[in-house]
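Observations on the model geometry
Each chain, written out:
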Amino acid sequence: MSVTTLLAETGTITRFAGRFFREGFRPRYEWQELLYQCYAVGYQSLPLVGITGFIMGLVLTLRLRPTMVQFGAESWIPVMVGLTIIQELSPIITGLMVAGKVGSSIGAELSSMRVTEQIDAMDVSGTNPFKYLVVTRVLATTLMVPVLTLLSDAIGLFSAYVGVNMQGSTSLMLFVNHILGRLTYGQVLPAVAKTFFFGFAIGLISCYKGYYASNDTAGVGRAANSAVVAGSLAVFLLDLVAVLVSTALGLI
Amino acid sequence: MVKPMLPTPAPAAAAPLPAPTEAVLTVAGVSLTFGDNHVLQDFSLTLNRGQNIVVLGKSGAGKSVLIKCIIGLLKPDAGTITVLGQDVGALDHAGLDRLRTKLGFLFQSNALYDSMTVRENLLFPLRRQWLAHTPTQENELVQQALTDVGLADTAALLPAALSGGMRKRIALARTLILRPDIILYDEPTTGLDPITGREIDHLIRAVQAKYNTSALIISHDLACVRLTADRVVLLAEGRCYAEGTYAELSANEDPRVHDFFI
Amino acid sequence: MSQNSPGNTVRLGLFTVLGVGFLLGLLYLMGRQQNLFGRSLVVRADFRNVSGLLTGNSVRLGGIAVGNVKAIDLLNDSTVRVSMSLSTDAQGFVRQNAVAAIGTDGLVGNTIINLTAQAAPAPPVQSGDVLRTKTPLALDAMLGTLDISNKNLVAITRSLRQMTAKLDTSALWQLLNDQQLPAHVRQSLGHVAAASAQLQRAATDAAQLTQGVRQGRGPLGYLLTDKALPAQLGHAGRQLASTTDTLAATVAGLRHQLLAGRGPAHTLLADTTAARQVRQSLRSVQQSTQKLDQSMTALQHNFLLRGYFKKQAKQKARAAADSVAHPGPPRPGS
């Protein structure tokens, strides 16, 4: 992909985002569809995100343990795991999982609707398809990725507690106090804030890819694929931006 | 089961009904260019109430572009399109939405919503147009529309479970549920076998007879043209190349017209 | 698209409530840990150096967190004013004469402020009070002291190493370390003991002999009647000769051993039992040689035996030269 096409793509996505804000905040609001999309994006992704979150916390704890024991810092395991999960792992893994599951489904759904003229049909039926399809989905991912991340945090921390107790013994109270004693608002709030951007990017990119899919059946597969790829990449890029910004603001 | 419930009117009965001169759709001097491709060049057309016009043309002649302009999905570069007395180009979004309740559109690919049942597909335009209906009214309307197309017992099915001809009927039912004054058909018989195609043609006629709608039909299927057209417009080189009844055009000696009627 | 059954909506609601509830719970617990929500009062303390204290670090009284650092301001180039917010629950326990000191939570932990209660009575702190401070036992000062201790330790271990190296190469260490020496000494002493026993037996025989001669049995007759005597005598002489040979060898060996041990004092030092044995043996050797001396003198004075002794000396010389030839009994009267 040449630089020009990349820039052109970025330009059209930016315009797409501008249209999202222009149309998204003007009535009429598609509450029903938004609720359904929240259900589909959030609730239906919970099993996947929950399982990955659980495994992530457990594996991280078990992997970290030998090193920490070597340094005689066994009591720091909850803090290390808690910080890593809340600040980085949980947002990133949730973002990637949502980009994979939801991004591909949005990309495929919208592009197939485009190919079979369903988007035009909506327009004809007195429904603004951008509002009905794009705004609701982007809002749903923006709102649901943070919630999913928080639940993944909770599940990951619980599995870390399980992991700590598999080879040692810590009471839940002590575990919680260890983590709470080291966490600061400057660590937690930026980590939560960035997940809104993750969700927004995933929703926007996969809607863009689906909405402007080329008008053939191969376009459906391409849209789903590039929605996942671009969405995952965006999650990492945003994470980089987030760490740079929070470092600049001294919130580490 | 797929047999139309309405009596098929004889072609002779397609003579203009009560107000023959009332133009419901006027296309005047419309031009549209995609890059170097002049799809429409100064195209004009008038559709009267209760009349069926078939726009005939080769693939890529700009037939689909024309009806997308009429429905407002595309904006012409020049010219005006007047539907039921309203200039489509001058309408805002809300006005266009209101106008579209009077304007049915049957998509070539049917455009049924895959994730909804037939009933939900039918209810979608009804509910989205802010037309207040009680659940009972909704049920009646859905049932009526389905009965009109002869598929009364498919309400709970998903479009994927239907055959091509049935999907076309459901798409027509979805168009009919709003009781439009004008229906735009985008190649209604394309992709269907000849027998099913004829059934659709008869259905188009039956709908016209029952609801006194006018129709603009895009087609390159001669059988469809013959069965449904009150008048035929031949679209070539972006403009109205020839116009007349089916009999007139089929008798036309112009080679470009004649090619269509072999 | 819109397929919102009531069940789905409830599930979505539960999902959202759980997620947001976790966040709020986390934030609340963190805030409670940092005393953000309880009512608090602010006291101050002026330090010369706060060692990297940060706002939010905890303030402890008797090791229990009672508040946290609200603000840190530089008053001038040598005074840092730290404002601490103390929870009102702890207000009654923090007296106005409490002393604040900068400390660390573990060796690599956070910097904290430790409040220390004083013995003297004082009213509880009020908002705005300025607490006394104590210069903390700074970690770098501790490390400085540790550095000096380390240097001393290095010097000590170095001289200790030199000492042990010298000790390792010294004769004393070798002797002490030689595990075969005591065995050798004990073996030699065993030889000495055996030799001296034989010597004693020989001497007794000789004494009996001379006694018989003296008792007037008539030396000639005795010699004639007792045919075993010359053989016994010869045997005794041979025994004596070999004994003296062995003794000589043993003494030479002993001497060598003792010389290798560099002086008899060490041997005696190393094995007192051996020394006692040596002393005993030497004493018996002395006694037996004395007796032998007496016997010999007596024998030599006896004219009958004078010739025999001369011959005996010759035979001994021959026996030494030719061990195979058995010496015949001396002819009487020769």
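Going by an unreviewed UniProt entry, chain A carries the name ABC transporter permease and comes from Hymenobacter coccineus.

Residues and elements named next belong to chain C. Its location among the elements puts Leu-282 in helix H8 (residues 272-301). Judged by relative accessible area, which is 52%, Leu-282 ranks as exposed. Spatially, the C-alpha atoms of Leu-282 and Leu-189 are 10.0 Å apart, while their sequence positions differ by 93 residues.

Relative to the elements of secondary structure, Ala-111 of chain B occurs in the loop between strand E6 (103-106) and helix H3 (118-128). Separated by 10 residues in the primary sequence, Ala-111 of chain B and Asn-121 of chain B place their C-alpha atoms 9.8 Å from one another.

To continue, consider the side chain of Glu-33 of chain A. Looking at the secondary structure, you find Glu-33 of chain A in helix H2 (residues 31-41). At 3.4 Å, the side chain of Glu-33 of chain A and the side chain of Tyr-132 of chain A are in polar contact.

Let us look at unusual backbone geometry. Residue Arg-28 of chain A is bonded to the preceding Pro-27 of chain A through a cis peptide linkage, with omega at 10°. Position of Arg-28 of chain A among the secondary structure elements: in the loop between helix H1 (3-24) and H2. With a phi close to 50°, Arg-179 of chain B is a non-glycine residue in the positive phi region. Within the secondary structure layout, Arg-179 of chain B lies in the loop between helix H5 (164-176) and strand E7 (182-186).

With that out of the way, let us pick up the sheet that holds strand E5 (residues 99-104) of chain C. Strand order around the closed barrel formed by 7 strands is E1-E4-E3-E2-E6-E5-E7 (chain C), with mixed pairing between neighbours. Taken over all neighbouring pairs, the strand axes of this sheet differ in orientation by 40° on average, direction set aside.

The next point concerns the side chain of Thr-149 of chain A. Structurally, the position occupied by Thr-149 of chain A is in helix H6 (residues 129-167). What makes Thr-149 of chain A buried here is its relative accessible area of 2%.

Moving on: the sheet that holds E6 of chain B. Residue and element names in this part refer to chain B. One open sheet accounts for 6 strands, arranged E6-E7-E8-E3-E9-E10; its pairing is mixed. Each of the sheet's edge strands pairs with one partner strand only, and the pair in question is E6 and strand E10 (239-244). Adjacent strand axes in the sheet meet at a mean angle of 20°, parallel and antiparallel pairs treated alike. The sheet contact formed by strand E3 (residues 52-56) and strand E9 (residues 231-236) spans 4 bridges and is parallel. Residue pairing in the sheet places Val-55 in a bridge with Val-233 of E9.

Turning our eyes to something else, we now look at the layout of surface pockets. The rolling of a water-molecule-sized probe over the atoms marks out the regions of remaining empty space. Roughly 840 Å³ of internal volume is contained in the second largest pocket. If you trace the second largest pocket, you find 44 residues lining it, with Asp-123 and Asn-128 of chain A together with His-93, Leu-96 and Arg-100 of chain B closest to the centre. Those elements that provide at least two residues to the lining of the second largest pocket are H1, helix H5 (118-124) and H6 of chain A together with strand E4 (78-83) and helix H2 (93-100) of chain B. For the lining of the second largest pocket, the element with the most residues is H2 of chain B, which contributes 6 residues. Looking at the lining of the second largest pocket, its residues break down into 17 nonpolar, 9 polar and 18 charged.

Attention now goes to the pattern of salt bridges. All names here are of chain A. One pass over the structure, following the stated rule, counts 21 salt bridges over all chains. Here Arg-137 and Glu-33 are joined by a salt bridge, their closest N and O atoms 3.6 Å apart. Taken together, the residues span a long stretch of sequence, with Arg-137 in helix H6 and Glu-33 in helix H2 at a distance of 104 residues. Through salt bridges with shared partners, a single ionic network connects Glu-33, Glu-109 and Arg-137.

Let us now look at the pairing of strand E6 (residues 111-116) of chain C. The side chains of a regular strand alternate between the sheet's two faces. All names here are of chain C. Judged from the 3 bridges that link them, strand E2 (residues 58-61) and E6 form a sheet pairing that is parallel. Note on E6: the bridge partner recorded for Leu-61 is Leu-115. As defined by bridge partners, E5 adjoins E6 across 6 bridges and the pair is classed as antiparallel. Among the inter-strand pairings, Val-99 is bridged to a residue of E6, identified as Thr-116.

So, about the interface of chain C and chain A. Counting residues at the interface gives 25 residues for chain C, matched by 32 residues for chain A. Taking both sides of the interface into account, the surface hidden between chain C and chain A amounts to around 2600 Å²; carbon and sulfur atoms contribute 72%. Across the chain C-chain A interface, the total number found is 0 salt bridges. For the interface between chain C and chain A, the tally reads 4 residue pairs in polar contact (both at pLDDT 80 or more). Here the side of chain C that touches chain A is built from residues that sort into 12 nonpolar, 11 polar and 2 charged.

What counts, and at which threshold
- Residues numbered from 1 in each chain as written.
- Chains lettered and ligands numbered in written order.
- Predicted model: local features only at pLDDT ≥ 70, side-chain atom pairs only at ≥ 80, totals over all residues.
- Heavy atoms only, no water.
- Helix = DSSP H or I, 4+ residues; strand = E, 2+ residues; numbered from the N terminus.
- Buried < 20%, exposed > 50% of the residue type's maximum accessible area, 1.4 Å probe, protein only.
- Polar contact = N/O pair within 3.5 Å; in protein donor to acceptor, adjacent residues only side chain to side chain.
- Pairing = 2+ DSSP bridges.
- Axes fitted to C-alpha atoms, helices over the stretch in contact; angles between N-to-C directions.
- 1 Å grid on protein atoms, 1.4 Å probe; cavity = no way out; pocket = protein on both sides within 12 Å on 5 of 7 lines; lining within 4 Å.
- Points joined across faces, edges and corners; volume = space filled by probe spheres on them.
- Nonpolar A, V, L, I, M, F, W, Y, C, P; charged D, E, K, R; others polar.
- Salt bridge = Lys/Arg side-chain N within 4 Å of Asp/Glu carboxyl O.
- Contact = heavy atoms within 4.5 Å.
- Buried area = accessible area lost by both parts, 1.4 Å probe.

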